[in-house]
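Breakdown of the fold
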Amino acid sequence: MVITDGDPTIIPIIQKNIQLNDCKNASAHQLSWGDKESIRLFKDKYPNFDVVMGSEILYHESHASGLIDTVNGLLREKGGIFIMAIAVRIRSTLTTLSWLAQKSNWEVIPVDFQLSNNSRTANFSFKTLLMWKVPPSSAPDNLESEISNEVEIEIFDCAPIEEDDLIGN
């Protein structure tokens, strides 16, 4: 398992957490989304992945293209699975991510899983778990320039926030 962050100052913190939790099969490495050189250096050190997982890694639609490019860079040679848990704060973030995944020919894997709401996680509209099969082929270049906010998507496994779940209730 390789745990990544784009900020090089975070890597020592991740390494300390790995050590404190005695995670013998884990390592930390910097990986900057959408940066071809960063992806190349990462793949030189860690060449084979079947699955890429992320949780709470996408906060704004402007980062979706870099995320898609990075996952494509890590999985495109032989294909794989991308799993992502996300708390959607801005609907256009999920719309953009889904549109870019579709343009990259990623196949949605239906997920029968609902993330529960609680007082710690009630500051956003909904939460969901997304999975895609990333095929072994080349992705279209420069997807960001084609993004349209008019795209409608189907949201899978979303749990609405109930008033009782809000902090302070």
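Located above this text is the structure these notes cover.
All values derive from a computational prediction rather than experimental measurement.

Scoring rules and cut-offs
- Residues numbered from 1 in each chain as written.
- Predicted model: local features only at pLDDT ≥ 70, side-chain atom pairs only at ≥ 80, totals over all residues.
- Heavy atoms only, no water.
- Helix = DSSP H or I, 4+ residues; strand = E, 2+ residues; numbered from the N terminus.
- Contact = heavy atoms within 4.5 Å.
- Areas by Shrake-Rupley, 256 points an atom, 1.4 Å probe, with all protein chains shown as cover.
- Pairing = 2+ DSSP bridges.
- Right-handed = clockwise from strand over helix to strand, strands pointing away.
- Core = buried A, V, L, I, M, F, W, Y, C linked by side-chain atoms within 4.5 Å.
- Buried < 20%, exposed > 50% of the residue type's maximum accessible area, 1.4 Å probe, protein only.
- Phe/Tyr/Trp six-rings, centres within 6.5 Å; stacked < 30°, edge-to-face > 60°.
- Axes fitted to C-alpha atoms, helices over the stretch in contact; angles between N-to-C directions.
- Left-handed = near helix turned anticlockwise from the far one by under 90°.
- Nonpolar A, V, L, I, M, F, W, Y, C, P; charged D, E, K, R; others polar.
- Parallel < 35°, antiparallel > 145°, perpendicular 65-115°, else oblique.

A word on the overall build of the protein chain
Of regular secondary structure, the protein chain possesses four helices and six strands. Starting at the N terminus, the α and β elements of the protein chain follow one another as β-α-β-α-β-α-β-α-β-β. Put simply, of all contacts in the protein chain between residues at least 6 apart along the chain, 80% involve residues at least 24 apart. Surface exposure of the protein chain reaches about 10100 Å², of which carbon and sulfur atoms provide 50%.

Thoughts on the pairing of strand E2 (residues 27-30)
Pairing of strand E1 (residues 2-5) with E2 involves four bridges; the strand directions are parallel. By the bridge assignment for E2, Val-2 is matched with Ser-27. The parallel pair E1 and E2, bridged by helix H1 (residues 11-20), forms a crossover whose chirality is right-handed.

As for the nonpolar core
Residues Val-71, Phe-82, Leu-97 and Trp-106 are the most contacted members of the largest nonpolar core, which totals 26 residues. Within the residue set of this core, elements represented by two or more residues are helix H2 (36-45), helix H3 (64-75), strand E4 (80-88), helix H4 (91-103) and strand E6 (126-134). By residue number, the principal contributor to this core is H3, which donates six residues. Filtering out sequence-adjacent residues up to four positions away, Leu-97 remains in contact with Leu-58, Ala-64, Leu-67, Ile-68, Met-84, Leu-130 and Trp-132. Counting five residues, the second largest nonpolar core, distinct from the first, contains Ile-11, Ile-14, Ile-18 and Ala-26.

Brief notes about the packing of aromatic side chains
All told, the structure shown has five aromatic pairs when counted by the stated rule. With a centroid separation of 5.8 Å and 15° between ring planes, the pair formed by Phe-42 and Phe-49 is classed as stacked. As far as burial versus exposure is concerned, Phe-42 and Phe-49 are alike and both buried. Clustering of aromatic rings is evident, with ring pairs tying together Phe-42, Tyr-46 and Phe-49.

Here we look at the side chain of Ser-38
Inspection of the secondary structure assignment puts Ser-38 in helix H2. Residues in contact with Ser-38, not counting those within four places in the same chain, are Gln-30, Leu-31 and Ser-32.

Digging into the packing of H3 against H4
At their nearest, the axes of H3 and H4 sit 9 Å apart, and the two run at 35° to each other. Note on packing geometry: the crossing formed by H3 with H4 is right-handed. Together, Ala-64, Ser-65, Leu-67 and Ile-68 of H3 and Thr-96, Leu-97, Leu-100 and Ala-101 of H4 make up the contact between the two elements. A breakdown of the residues in the contact of H3 with H4 according to their chemical character gives six nonpolar, two polar and no charged.

Here's the deal with the packing of H2 against H3
Between H2 and H3, the least distance of the axes is 10 Å, while the angle of their chain directions is 30°. Considered as vectors, H2 and H3 are oriented roughly parallel to each other. For the element pair H2 and H3, the recorded crossing hand is right-handed. Between H2 and H3, the contacting residues are Ile-39, Phe-42 and Lys-43 on the first element and Asp-69, Thr-70, Gly-73 and Leu-74 on the second. Its residues assigned to classes, the contact of H2 with H3 shows three nonpolar, two polar and two charged.

Some thoughts on the environment of Val-111
Note that Val-111 resides in the loop between strand E5 (107-108) and E6. By relative accessible area, Val-111 is classed as buried at 12%. Between the C-alpha atom of Val-111 and that of Trp-132, which follows or precedes it by 21 residues, the distance is 9.8 Å.

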